[in-house]
Amino acid sequence: MSDKIKQLLDSMSLEEKIAQLQSVPFKKLIVDGKLSIEKCKELVPHGVGHVGQYASNTALHPNELVEAVNAFEQYIKETTEHPIAPLFHDEAITGIAAAEATVTPQMIGMSCSWNPSLVYENAVMTAENMKKIKAYYALSPMMDLINDARWGRGEEGYGEDPYLISQFALNFIKGLEENGIAATAKHYAGYGEENQDIVYFRNNVLTPFEVSVKHGNVSAVMPGYHAFHDVPCSASKFLLTDVLRGDFKFDGLISSDYGAVENIKDSFHYVETYKEAGVLSISAGMDVDLNDGKAFSFLPEAVREGSLSEEVIDKAVYRVLKLKDRLGRLYIKDEEKIDAPICMDPPENRARALESARHAVVMIKNNGILPYDFKNKKVAVVGPNAHSYYSLLGDYTAMGVGEFFCHNPAYEYNPELVTLYDGLKNKVGKDADVRFERGCDWTDYFSAEGNKDASGDARAKTAQRVPLEKIPETNPYKALDLAKDSDIIIAGIGENRYLCGEVRNREEVSLHAVQEEFVNQLCDTGKPVVLVVFGGRPLAITELAKRCAAVIYAWYPGEEGGTALAEILSGETNPSGKLTVTLPDHPMDVPTFYRKERVGAPSVYPFGFGLSYTTYEYSDFEIDENVAIDAPYADIKFSITNTGDRSGIETAQVYVKYEENGKTLRKLIGYSQVELKAGETKKTGIRVYPDYFAEYDAEGKLTLSPKNFDVQIGASSADIKYEAKLILSGEARAIDEKHYFADQL
């Protein structure tokens, strides 16, 4: 403990210490758009450690927000003995969740770029935006495995593969941490995951968290709302102390998810009182109780009665103060003056959002109709997501959080949100007759969606159930008449925040019935239908896709999503995205993921799959088939030729298949992304390190053992171009650490 922090800690009262382990929702301190000193005196008389969702929940514009932040800090300086700066935090997966801030594609889409450097650059942009509004702590990224399409929060993550999740999360974390923002690895560990086998858990679920701690130096870790082995994660000594602090040597901050410590009592009924919940959680390793510190408010009483040692509290407070000191936010600085309007979406940010969307979109079917020549054509743009800002926004954007949890109406400007219809009008409207008719709603049973179990934010129990967006009158007959009178039909369908997102799990994953019926009616017109699917969930659209001329998976593509889609549809941009989740073939085809043995044929739209406007040929394969267990590395090389007539980006994937305990298993061990001009050939490949194949046992011992593999090189997990044996030979040995990533050659 540094002398500076020890001296501060020794001078603090017990109440001041507990305040540093708590958070206050900024919304509770704001009255009529201004900070209320009366509310501050009532709710935070001893200061506070964190200020929760201060931007997304208040809907204050940037200058108003900074003014309120400055006023709050001034209150703390004037009324508390130790003017310790609070950490203002918010969500940041698609950019900081603040009014007027740039919105990039949702993470599940970003992973489909197979380009972690894009996420790094977006995180750098996010860090700069955060500092403009005095935010230094991000509740991101999410690093859970997305194996089950029924889980509503899958959209926030990087797909189903631990290797890819680790790589994307690491780049996100570095983009923030290297630029002065604390990142939070969540949800530790296994949120949304049914399989709790300890060996599977250590070798798959924990991998992204281990990487984030050991290689990303992540500042904070957030346990999930769920339970592991029947113990709520927020009360699990095994997870928080034995694994995270012990095995991973994590010395940063552990903060709860919103209300998760209260859930130990309220949802899990694991204890009878909030005091017991608070004592159990901090004793297990928790440092901070978000969002309003209700359970931790009983800790002074626990100390005084002897059921909790003040030494436990001091360790947690030390970690809070150490993080603030590292961020340069230990003490409140002089008030920062605002001389001009704060711009949260400058042109360079919009350019980043557009470039990201171009790479996030995945084309999964094309009968040759795309790219489409729109000149002198009649274009029908229809469907509930064709001209709705919901089609662009994931659940933890400022507008998504503000509307869903706080009933603050979303808005389509500041930043400007470019829908599919907007993008087509802007891109081809001068040459084509582009007309819009919505045609149908997302569903006719919003009130039936969602669930209220223990695995989510308690605020969702009272969340708005019906979208607040004002939509034009929906008339399927007008839409069908428009479709019949057009040369091409472009249908924007899928889900929105009220159908997918936190506490929006589903029992099956079909396209909602009213939309499926509408698309079938469009196909019945005989005109070519291009299906553009928006949302955060892998939907079972295989049968419907058979009737369509082309299908594009857009996910939630962010503020410039419509521009990117118009570029792809018209051929200005060649699509290069590939799926990082397996699309179910039918509504009950869940859970499904490429590492799982599948009965029958592979998925029609498997992990790693994505089409282009050009074609590629693989050749000249070179593999070190016999590799000593102590060899420094093994190279896997091959050539890729662009055999089409336009430039493109190909992502070649390398898998290994092997037998273990009577089961056939597969896993991604690396990939190579190359940009090729028409007719160009490049030699590429990966360098893999033998210790990557080391596995943890149930007790956490890491062992590298000899094993026989089938190495598979392909354009997707199902489209294998070449297969060869790889024998890892030698004596098994225990190791302390392993390489987690292959190098691209």
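Residues numbered from 1 in each chain as written. Predicted model: local features only at pLDDT ≥ 70, side-chain atom pairs only at ≥ 80, totals over all residues. Heavy atoms only, no water.

Engineer: Before we move on, can you summarise the overall build of the protein with the specific residues and values?
Structural biologist: Across its full length, the protein carries 21 helices and 29 strands. Taken over the C-alpha trace, the protein has a radius of gyration of 26 Å; the compact-globule value for 745 residues is 27 Å, and the two agree within 12%. On the principal axes, the C-alpha backbone points of the protein span a range of 75 × 70 × 45 Å. Within the span of the protein, comprising 745 residues, buried residues form 64% of the whole. Of the contacts formed within the protein by residues at least 6 apart in sequence, a portion of 80% connects residues at least 24 apart. (Helix = DSSP H or I, 4+ residues; strand = E, 2+ residues; numbered from the N terminus. Rg over C-alpha atoms; globule rule 2.2 N^0.38 Å. Buried < 20%, exposed > 50% of the residue type's maximum accessible area, 1.4 Å probe, protein only. Contact = heavy atoms within 4.5 Å.)

Engineer: Now, about the sheet that holds strand β7 (residues 184-188): what can you tell me, with residues and values included?
Structural biologist: With parallel pairing, the three strands of this open sheet are ordered in space as β7-β8-β11. Since the sheet does not close on itself, it has two edges, and those belong to β7 and β11 (253-254), each with one partner. Both strand β8 (residues 220-223) and β11 contribute to a ladder of two bridges, which runs parallel. If you follow Ala220 over to β11, its bridge partner there is Leu253. Sitting on the sheet, helix α10 (residues 237-247) is in contact with β7, β8 and β11, with an inclination near 135° to β7. (Pairing = 2+ DSSP bridges. Axes fitted to C-alpha atoms, helices over the stretch in contact; angles between N-to-C directions.)

Engineer: Lay out the sheet that holds strand β24 (residues 695-696) with the relevant residues and their values.
Structural biologist: Strand order in the open sheet made by the three strands is β24-β25-β28, with antiparallel pairing throughout. Among the strands making up the open sheet, the edge pair consists of β24 and β28 (733-734). Of the pairings in the sheet, the one linking strand β25 (residues 702-704) to β28 comprises two bridges and is antiparallel in character. Across the sheet, Thr703 pairs through a bridge with Ala734, a residue of β28.

Engineer: With reference to specific residues and values, describe the environment of Ser576.
Structural biologist: Residue position: Ser576 is located in the loop between α21 (561-570) and β18 (616-623). In sequence terms Ser576 and Ala284 are 292 residues apart; their C-alpha atoms lie 45 Å from each other. Leave out the neighbours within four places in its chain, and Ser576 touches His359 and Ile649.

Engineer: Hey, could you go over the layout of surface pockets for me, with residue numbers and the actual values?
Structural biologist: Approximately 920 Å³ is the volume attributed to the largest pocket. Around the largest pocket, the lining comprises 37 residues; the ones closest to its centre are Asn195, Tyr200, Asn204, Arg595 and Leu665. At the level of secondary structure, the elements contributing two or more residues to the lining of the largest pocket comprise α7 (162-177), α8 (198-205), β21 (648-660), β22 (663-676) and β24. With six residues, the top contributor of residues to the lining of the largest pocket is β22. Across the lining of the largest pocket, the residue classes tally to 14 nonpolar, nine polar and 14 charged. (1 Å grid on protein atoms, 1.4 Å probe; cavity = no way out; pocket = protein on both sides within 12 Å on 5 of 7 lines; lining within 4 Å. Points joined across faces, edges and corners; volume = space filled by probe spheres on them. Nonpolar A, V, L, I, M, F, W, Y, C, P; charged D, E, K, R; others polar.)

Engineer: Give me the lowdown on unusual backbone geometry, citing residues and values where you can.
Structural biologist: Each neighbour pair has its own omega, and for Ser140 with Pro141 the value is 10°, a cis peptide bond. Tracing the sequence through the fold places Pro141 in the loop between β6 (137-138) and α7. The amide bond that connects Leu370 to the next residue, Pro371, takes the cis arrangement and shows omega of 0°. In this structure, Lys134 takes a positive phi of about 65° despite not being glycine. Residue Lys134 is classed as buried on the basis of its relative accessible area, which comes to 2%. With a phi angle near 45°, Asn217 is a residue other than glycine that sits in the positive phi range. When you line up the elements, Asn217 lands in the loop between α9 (207-214) and β8.

Engineer: I'd like a description of helix α12 (residues 274-284), backed by residues and values.
Structural biologist: Counting buried positions over the 11 residues of α12 gives eight, a clear majority of the element. What α12 keeps buried is the set Tyr274, Lys275, Ala277, Gly278, Val279, Ser281, Ile282 and Ala284. Positive phi appears at Gly285, one or two residues downstream of α12, with a value of about 135°.

Engineer: Would you mind going over the pairing of β21 in detail, with residue names and values included?
Structural biologist: With respect to burial, β21 is a largely interior element, 10 of its 13 residues being buried. In the sheet, β21 pairs with β22 via 13 bridges, with the strands oriented antiparallel. Each residue of the ladder has a partner; that of Val654, found in β22, is Gly670. Counting the residues in the hairpin turn of β21 and β22 gives two residues, including Asn661, whose phi is positive at 55°. One ladder, built from five bridges, connects β21 with strand β26 (residues 707-714); its direction is antiparallel.

Engineer: Summarise the nonpolar core; cite the residues concerned and give the values.
Structural biologist: Of all hydrophobic cores here, the largest spans 220 residues; its most connected members are Phe26, Tyr54, Phe72, Tyr188, Ile313 and Ile364. Per-element tally for this core: the top contributor is α7, with nine residues. Aside from chain neighbours lying at most four places away, what touches Tyr54 is Phe26, Leu65, Val69, Phe88, His89, Asp90, Ile133, Lys134 and Ala135. The next biggest cluster of nonpolar side chains, apart from the first, holds 29 residues, and it includes Val381, Leu424, Val532 and Leu565. (Core = buried A, V, L, I, M, F, W, Y, C linked by side-chain atoms within 4.5 Å.)

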